[in-house]
Amino acid sequence: MSELISTAQSPWVDPHLHVWGWEIPVYLFLGGWTAGIMVLCGWALWKGQRDERPHATFSLASSGLFILAFAAISLGMLALFLDLEHKLFVWRLYVTFEPASPMSWGAWILILVYPVLLMGILLDPPLTLTNRVPQLVPLLKKLADNLTLRRITGLLAIGTGVALGIYTGILLSALGARPLWSSAILGPLFLFSGLSAAAAFAHWASPDQPEREYLAKIDNQFLASELAIVLLFLIGLTTSTEAHLQAAQLFLGGAYTAVFWVGVVGLGIVLPLIIQSLAVTHRVPHTPLAPVLVILGGLALRFVIVSAGQISHWSRL
Amino acid sequence: MARLGMVIDTVRCVGCMDCVVACKTENQTPEGMNRDWITYATRGRYPDLSLTIQSERCNHCDNPPCVHCCPTGASHVHDWGGMVQITREECIGCKACLASCPYDARYIHPDGYADKCTFCLHRVEKGEDPACVAVCPTHCMHFGDLDDPHSEVRKLLDSRRHHTVMPEAGTRPQIFFLE
């Protein structure tokens, strides 16, 4: 037998020692969703697409999605701020750059994200802005007509979107003390989860039928990729050390098995993939069901990974 | 440059927890939070059992994940002695360091910053031993420069079998336990 008794404070005994609560998964989800929107809308801008409607819409080439992404990442940052225990010192993030710290990278990536989102909004300004500040209209029209600027903004949106999406996963994978997280594949996993959630929302909200079809198709590709990455993630854990194997057991018979396989994989990836595959081949109509499942599945993925990761640990005996 | 570390004789340690009380008194740690603790590991098959008692704390690792992940530089390696320290005024309480520590050596102080064992830096700077070492009634704890071939800690490590806690985590702890 091997038994360890410790007089240390323990998160199992003292709940206040639990590291991260709801704020971090919510932030990681909103960050990933924003990243997905930036990549999709950036791609539309890069291809020179334009929405000629007089008002902003939720089509990829309009500014509605950029506006929502702006709100989403701001909400995410609010959640992140709420999680800080020393809130008045938050400005310390921006007086240094720590190259070894993914969180420091993330803080600066977020600073890059905002001007790109703003540029995306200004390229198709909403009526609320142009009605209130009509003096800006000639300048904004000149910006919107500049194809080179649209393409550069598209590229920047794709670049910062990918960086933001990958960072949300790397943030966790850099914390090697939690074996469940110590896999760089969390970066692509969270990126593809963000892309699929963004494509699902855009598919649901887009005013154009051809674009809806297109988004459903690429969402299927994102979901299939995400499923493959989930399986690679588990294979990586189960073929590694005892600590990583124990971490994988959380999903393979352990405490998180049901919520992971039923909630995240079944309802969040496989079922919407089936529904949308039938929808794009016109065997069932497009309904909001699949997009809602994908979005909730993306949120559930962050909650499960963050929560289970804090339980996983290196073995003492 | 000095490399300060601790050597603890598990054969002598009786788990009296004087080190825990001394730390709490010296550093005024909040209620329910400790910078050091005792572990009792029982191994074997009854009746052939062995008991190892260890006084544990932050390992002041040579490859400290808490320092690497800190986004503000609040967690840092001290200029002298390689000790891992926290600048309270730079800590934002993001808890990345808590999540990165395989030893769960850190906690969030009620005032909002991350806190942990400092090797009693305020005492060490005056040439004194950390409080836990100073009070140990069995003299099982030793503190000094691991790089100094004439130091007590170096001599003990050179002459006795020893281990660290979870070396597989790759953190290169600077607290050694004699067997």
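Every residue gets a number counted from 1 within its own chain, in the order that chain's sequence is written. The naming scheme follows written order: chains are lettered A onward, ligands numbered 1 onward. Local features are withheld for residues below a pLDDT of 70 in this predicted model, meaning they are given only at 70 or higher, and side-chain atom pairs are given and counted only at 80 or more; totals for whole chains, interfaces and linings count all residues. Heavy atoms from the whole structure form the basis of all side-chain values; hydrogens and water molecules are not counted.

Undergrad: Could you give me a rundown of the interface of chain B and chain A, with the residues and numbers involved?
TA: Counting residues at the interface gives 45 residues for chain B, matched by 37 residues for chain A. When chain B packs against chain A, close to 3,500 Å² is buried across both sides, 57% of that on carbon and sulfur atoms. For any pair of parts, buried area is found by adding up, for both, the accessible area (1.4 Å probe) each one loses once the two are put together. Considering only the side of chain B, the residues that lose the most area to chain A are I92, K95 and A99 of chain B, jointly responsible for 18% of the buried surface there. Under the rule applied, a polar contact is a pair of N or O atoms within 3.5 Å (in protein, one hydrogen donor and one hydrogen acceptor; residues adjacent in sequence only if both atoms are side-chain atoms). At the boundary of chain B with chain A, the tally comes to 15 residue pairs in polar contact (both at pLDDT 80 or more). Strands here are runs of E lasting at least two residues and helices are runs of H or I lasting at least four, both read from the DSSP assignment and numbered beginning at the N terminus. Listing elements by their share of the side of chain B that touches chain A, those giving two or more residues are β2 (36-45), β3 (48-57), α2 (65-69), α3 (96-100) and β6 (107-108) of chain B. Contacts are residue-level and defined by heavy atoms, with any inter-residue pair within 4.5 Å sufficient.

Undergrad: Go over the nonpolar core with me, naming the residues and quoting the values.
TA: For soluble globular proteins, the rule of thumb is that nonpolar side chains tend to be buried together. Working definition of a nonpolar core: buried Ala, Val, Leu, Ile, Met, Phe, Trp, Tyr and Cys residues. They are joined through side-chain atoms within 4.5 Å. Buried means the residue's accessible area, taken with a 1.4 Å probe over protein chains only, is under 20% of the maximum for its type, while exposed means over 50%, and partly exposed covers the values in between. Counting residues in each nonpolar core, the largest one holds 96 residues, and the members touching the most others are W20, L172, W181, F251 and I305 of chain A. It is helix α1 (residues 23-46) of chain A that contributes the most residues to this core, 14 residues altogether. In this view, I305 of chain A contacts L172, L180, W181, L186, F190, F233 and F251 of chain A; residues no more than four positions away in its chain are not counted. If you look at the next biggest cluster of nonpolar residues, it comprises 32 residues, including I38, V124, M141 and V165 of chain B.

Undergrad: Describe in detail a nonpolar patch on the surface, supporting the description with residues and values.
TA: All names here are of chain A. What goes into a patch is any residue over 30% in relative accessible area without a salt bridge, connected to like charges within 9 Å or, for nonpolar side chains (Val, Leu, Ile, Met, Phe, Trp, Tyr), within 5 Å. To measure how exposed things are, a 1.4 Å probe is used in the Shrake-Rupley method; for residues, cover is taken only from the protein chains shown. For this analysis, a salt bridge means a side-chain nitrogen from Lys or Arg found within 4 Å of a carboxyl oxygen belonging to Asp or Glu. On the surface, L231, L232, I235, L252, W261, V262, L267 and L271 cluster together into a nonpolar patch covering about 670 Å² of accessible area. The set of elements that each furnish at least two residues to the nonpolar patch consists of α8 (209-238) and α10 (257-280). In this fold, L252 is placed in the loop between α9 (242-249) and α10.

Undergrad: Pulling in residues and values, what's your account of the packing of aromatic side chains?
TA: Residue and element names in this part refer to chain A. Note on aromatic pairs: the rings of Phe, Tyr and Trp (six-membered ring only in Trp) are paired at centre separations within 6.5 Å, and the planes decide the class, stacked below 30 degrees, edge-to-face beyond 60, tilted for the rest. Throughout the structure, instances matching the rule amount to eleven aromatic pairs over all chains. Taking the centre distance of 5.9 Å and the plane angle of 25° together, the rings of W20 and W181 count as stacked. With W20 in the loop between β1 (2-6) and α1 and W181 in the loop between α6 (147-173) and α7 (186-205), this residue pair connects regions lying 161 residues apart in the sequence. Relative to F201, the ring of F58 has its centre 6.2 Å away and its plane inclined at 75°; by these criteria the two rings are edge-to-face. Separated by 143 residues along the polypeptide, F58 in the loop between α1 and α2 (64-83) and F201 in helix α7 bring together distant segments of the chain. Accessibility expressed as a relative area gives 32% for F58, which makes it partly exposed. On the basis of relative accessible area, F201 is assigned to the buried category, the value being 17%. Three or more aromatic residues link up through ring pairs in this structure, and these residues are W33, F58, F201 and W204.

Undergrad: Residues and numbers for the environment of T39 of chain B, please.
TA: When you line up the elements, T39 of chain B lands in strand β2. Those residues in contact with T39 of chain B, other than ones at most four positions away along the chain, are L4, I5, S6 and R316 of chain A together with T52, I53, Q54 and E56 of chain B. A polar side-chain atom of T39 of chain B sits 2.9 Å from a polar atom in the side chain of E56 of chain B.

Undergrad: Got a sec to walk through the pattern of salt bridges? Specific residues and values, please.
TA: Residues and elements named next belong to chain B. Applying the stated criterion to the full structure yields 14 salt bridges over all chains. Among the ionic pairs, R35 bridges to D115, the shortest N-O distance being 3.1 Å. On the criterion of sequence distance, the pair formed by R35 in the loop between α1 (18-27) and β2 and D115 in strand β7 (residues 114-115) is long-range, its members being 80 residues apart.

Undergrad: Please set out the environment of A163 of chain A residue by residue, giving values where relevant.
TA: As for its position among the elements, A163 of chain A is in helix α6. Sequence separation between A163 of chain A and I109 of chain A is 54 residues, and the spatial gap between their C-alpha atoms is 7.3 Å.

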